[in-house]
Amino acid sequence: MALLDVRDLTVSYGPVVALRNVTLSVEPGEIVAVIGANGAGKSTLLKSVSGLLAPRSGSIEFGGVPIAGKAAYDVITLGLAHLPEGRELFRELTVLENLHLGFWTGRADTALRDQRVEQVFGYFPRLRERAKQRAATLSGGEAQMLGVARALMCEPRLLLVDELSLGLAPMVVTQLFDILRQANDRGMSLVIVEQFVHLALGNSHRAYVLAKGEVVRSGPSAELLADPALAASYLGDSAPDAGRRRARAGV
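Cut-off values and rules
- Residues numbered from 1 in each chain as written.
- Predicted model: local features only at pLDDT ≥ 70, side-chain atom pairs only at ≥ 80, totals over all residues.
- Heavy atoms only, no water.
- Pairing = 2+ DSSP bridges.
- Helix = DSSP H or I, 4+ residues; strand = E, 2+ residues; numbered from the N terminus.
- Contact = heavy atoms within 4.5 Å.
- Axes fitted to C-alpha atoms, helices over the stretch in contact; angles between N-to-C directions.
- Core = buried A, V, L, I, M, F, W, Y, C linked by side-chain atoms within 4.5 Å.
- Buried < 20%, exposed > 50% of the residue type's maximum accessible area, 1.4 Å probe, protein only.
- Polar contact = N/O pair within 3.5 Å; in protein donor to acceptor, adjacent residues only side chain to side chain.
- pLDDT = per-residue confidence, 0-100.
- Salt bridge = Lys/Arg side-chain N within 4 Å of Asp/Glu carboxyl O.

S.K.: An account of the sheet that holds strand E1 (residues 4–13) is needed here, citing residue identities and associated values.
M.R.: Read across the sheet, 4 strands follow the order E2-E1-E4-E5 without closing on themselves; strand pairing throughout is antiparallel. Of all strands in the sheet, those with a lone pairing partner are strand E2 (16–26) and strand E5 (65–66), marking the two edges. Most of the contacts of helix H1 (residues 42–50) go to E1, to which it runs at about 115°, and overall it touches E1, E2 and strand E4 (57–62).

Shown next as structure tokens:
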């Protein structure tokens, strides 16, 4: 059984249809990329899955449990976390306070919470150095590190990642993807929305291509990566440093 099963999902913003009859799945332990041009519906898809948007029609099941239309705070208790575009940190709180909030509201096991903090500090030593700083004082790269670290605090079964590379230096992006791959090696599944095609396909097992709110193509990432017509046809991946942004392939 798929960990995430989305069937015929349609989502609208008022009269404007953002997603139309989208079907996709994520297997346990799998990394799935969702790629497409700006405005294709990628972020809308993640928001619908995580409970930030209610679909007009269709079904979403996570671990066999229907979650379409459930509130985000209910969805996360099932083990599904969302790292949104723009990080959405609590800017006036410290790094450590942001991490504590990532450990699910209502969980009183402070020993386990502190163990998770030490684990994410192991991934991001720079955050340990800035544990008492307000999130508002962090650089862009540090803020994205904190976003990833906070999402990992709850050890989700599935993590939705929206535009991890946005505004970051290639070296920082590579580091972040390396950490997500380590999490995947431990069994965490991921859905990655990413504007840079080679980066997304080089760090995933399968991929779906969205265009104007519909799935227009899907398949193993390695096959899509090897297709020279893909970027020109759907994605416009013309960033001058796209090659430097590519993380190591061979997932």
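That was the structure; now back to the text.
S.K.: So what's going on with the nonpolar core? Residues and values would help.
M.R.: In this structure, Leu-99, Phe-124, Leu-152 and Leu-159 are the most contacted members of the largest nonpolar core, which totals 42 residues. Residue contacts for Phe-124: discarding those within four places in its chain leaves Met-145, Val-148, Ala-149, Gln-175, Leu-176 and Ile-179. With 27 residues, the next largest nonpolar core counts Leu-3, Leu-4, Val-22 and Val-32 among its residues.

S.K.: Explain the pairing of strand E6 (residues 80–83) to me, and be specific about the residues and the numbers.
M.R.: Of the two faces of E6, both are covered, the one formed by Leu-80 and His-82 as well as the one formed by Ala-81 and Leu-83. The pairing of E6 with strand E7 (residues 158–162) spans 4 bridges and is classified as parallel. What sits directly across from Ala-81, in E7, is Leu-159.

S.K.: I'd like a description of the side chain of Glu-194, backed by residues and values.
M.R.: Looking at the secondary structure, you find Glu-194 in the loop between strand E8 (189–193) and helix H8 (197–201). Judged by its relative accessible area of 1%, Glu-194 is buried. One polar contact links Glu-194 to Ser-165, side chain to side chain, over a distance of 2.5 Å. The residues contacting Glu-194, other than those within four sequence positions of it, are Val-34, Ile-35, Glu-163, Leu-164, Ser-165, Phe-177, Leu-199 and Ala-200.

S.K.: Hey, could you go over the confidence of the model for the protein for me, with residue numbers and the actual values?
M.R.: This prediction gives the protein a mean pLDDT of 89; 90% of its residues lie at or above 70. Note on residues 237–250: pLDDT is under 50 here. Beyond four places in sequence and across chains, it has 27 contacts.

S.K.: Give me the lowdown on the pairing of E1, citing residues and values where you can.
M.R.: A large share of E1 lies buried, amounting to 7 of its 10 residues. Count of turn residues in the E1/E2 antiparallel hairpin: 2 residues, of which Gly-14 carries a positive phi of about 60°. As judged from the 5 bridges shared by E1 and E4, these two strands associate in the antiparallel manner. The residue bridging Arg-7 from the neighbouring strand is Ser-59, located in E4.

S.K.: Describe in detail the environment of Leu-3, supporting the description with residues and values.
M.R.: Residue position: Leu-3 is located in the segment before E1. Taking the relative accessible area as the measure of exposure, Leu-3 reaches 8% and is therefore buried. In this structure the C-alpha to C-alpha distance between Leu-3 and Leu-158, which are 155 residues apart in sequence, comes to 8.1 Å. Residues in contact with Leu-3, not counting those within four places in the same chain, are Val-26, Glu-27, Pro-28, Glu-61, Phe-62, Gly-63, Arg-157, Leu-158 and Ser-189.

S.K.: I'd like a description of H1, backed by residues and values.
M.R.: Within H1, 7 of the 9 residues are buried, which leaves it mostly tucked inside the rest of the structure. Within H1, burial applies to Lys-42, Thr-44, Leu-45, Leu-46, Ser-48, Val-49 and Ser-50. Gly-51, located one to two residues past H1, shows a positive phi value of around 95°.

S.K.: Please provide a residue-by-residue account of the pattern of salt bridges, values included.
M.R.: Applying the stated criterion across every chain yields a total of 10 salt bridges. One salt bridge in this structure joins Asp-114 and Arg-113, with 3.2 Å as the shortest N-O distance. Residue Asp-114 is classed as partly exposed on the basis of its relative accessible area, which comes to 38%. By relative accessible area, Arg-113 is classed as partly exposed at 21%. Ionic pairing is found between Glu-142 and Arg-130, a salt bridge with its closest N-O pair at 2.8 Å. Here Arg-130 lies in the loop between helix H5 (125–129) and helix H6 (140–152) and Glu-142 lies in helix H6, a separation of 12 residues in the sequence. Exposure remark for Glu-142: the relative accessible area of 7% places this residue in the buried category. Where salt bridges share partners, they join Glu-129, Arg-130 and Glu-142 into one cluster.

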